[in-house]
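Below are the chains, spelled out letter by letter.
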Amino acid sequence: ASRPLATTDSRPEVASAAAKRRLPMRILLLALPHALALRIAVTGAAGYLGAEVAHQASAQGHHVRAVVKDGQRTAHLSGCSEVRTVDDLCDLVEARGAAEGMDAVIHTASVFRKCADMETELVRPNLLLAEQMVCACAAYGARLVF
């Protein structure tokens, strides 16, 4: 079961909506009026899923920080409020930079490539990536959505 939105947002309208409705983030994204825009970071926003999530959240009037790996194309993210490039989200400092000031982080980034050893080259890096995002969100009180 989803937990209600926990926010440290000082804007009364966001805190009030979260407290009154006790809705999970995915429902709040659809239910809140545009005047109650959330600040949302989308990791992996250059990818297929991340780009669509960022587009939908932006279209609903939310402030969207698209987080992309350095060197990836970002022209399709012009509707986002900001685009932040990072070298490696497995680095806690960069993960914290992505989450800082956000109400929520929608985490769609992943390590994906052809490899000889899936455990070492895919599973472990993706677990580390998820762990760093959990720590970064906890540091700033942001809701993490996988």
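Here, the structure is the one placed above.
Calculation rules
Residues numbered from 1 in each chain as written. Predicted model: local features only at pLDDT ≥ 70, side-chain atom pairs only at ≥ 80, totals over all residues. Heavy atoms only, no water. Salt bridge = Lys/Arg side-chain N within 4 Å of Asp/Glu carboxyl O. Helix = DSSP H or I, 4+ residues; strand = E, 2+ residues; numbered from the N terminus. Buried < 20%, exposed > 50% of the residue type's maximum accessible area, 1.4 Å probe, protein only. Polar contact = N/O pair within 3.5 Å; in protein donor to acceptor, adjacent residues only side chain to side chain. Contact = heavy atoms within 4.5 Å. Pairing = 2+ DSSP bridges. Axes fitted to C-alpha atoms, helices over the stretch in contact; angles between N-to-C directions. Core = buried A, V, L, I, M, F, W, Y, C linked by side-chain atoms within 4.5 Å. Parallel < 35°, antiparallel > 145°, perpendicular 65-115°, else oblique. Left-handed = near helix turned anticlockwise from the far one by under 90°.

Now, about the pattern of salt bridges: what can you tell me, with residues and values included?
Tallied over the entire structure, the rule returns 3 salt bridges. Linking D103 and R39 is a salt bridge whose minimum nitrogen-to-oxygen distance equals 3.1 Å. Taken as a pair, D103 in the loop between α4 (92–99) and β4 (104–107) and R39 in strand β1 (residues 39–43) lie far apart in primary sequence, 64 residues in all. The partly exposed category is assigned to R39, whose relative accessible area is 28%.

How would you sum up the side chain of R65? Please name residues and give values.
As for its position among the elements, R65 is in strand β2 (residues 63–69). A polar contact of 3.2 Å, which involves the side chain of R65, links it to the backbone oxygen of G97. Setting aside residues up to four positions removed in sequence, R65 forms contacts with I40, A41, V42, E82, R84, G97, A98, A99, E100 and M102.

Could you give me a rundown of the sheet that holds β2, with the residues and numbers involved?
Spatially, the 5 strands line up as an open sheet ordered β3-β2-β1-β4-β5, and their pairing is parallel. This sheet does not close on itself; its edge strands, each paired only once, are β3 (82–86) and β5 (143–145). Direction aside, the axes of adjacent strands within the sheet are offset by 20 degrees on average. As paired strands, β4 and β5 are joined by 3 bridges and run parallel to one another. Its bridge partner being in β5, A104 is matched across the sheet by R143. Against the sheet, helix α3 (residues 48–59) makes contact with β1, β2 and β4, and its axis sits at roughly 165 degrees relative to β1, the strand it touches most. The strands touched by α4 within the sheet are β1, β2, β3 and β4, with β2 carrying the most contacts at an inclination of about 155 degrees.

Go over the nonpolar core with me, naming the residues and quoting the values.
Counting residues in hydrophobic clusters, the biggest one holds 16 residues, and the most contacted among them are V67, L89 and V105. Contributing elements (two or more residues each) for this core: α4 and α5 (118–140). It is α5 that contributes the most residues to this core, 4 residues altogether. Apart from the residues lying within four places of it in its own chain, the contact partners of V67 are A41, V42, T43, G44, A45, R84, V86, L89 and A98.

Give a detailed account of the packing of α4 against α5, specifying residues and quantitative values.
Viewed as axis vectors pointing N to C, α4 and α5 meet at an angle of 50 degrees, and their least axial separation amounts to 8 Å. When the interaxial angle is binned, α4 and α5 end up oblique. Regarding α4 and α5, the two cross each other, and that crossing is right-handed. Contacts between α4 and α5 involve L92, A95, R96 and A99 from the former and Q132, M133, C135, A136, C137, A139 and Y140 from the latter.

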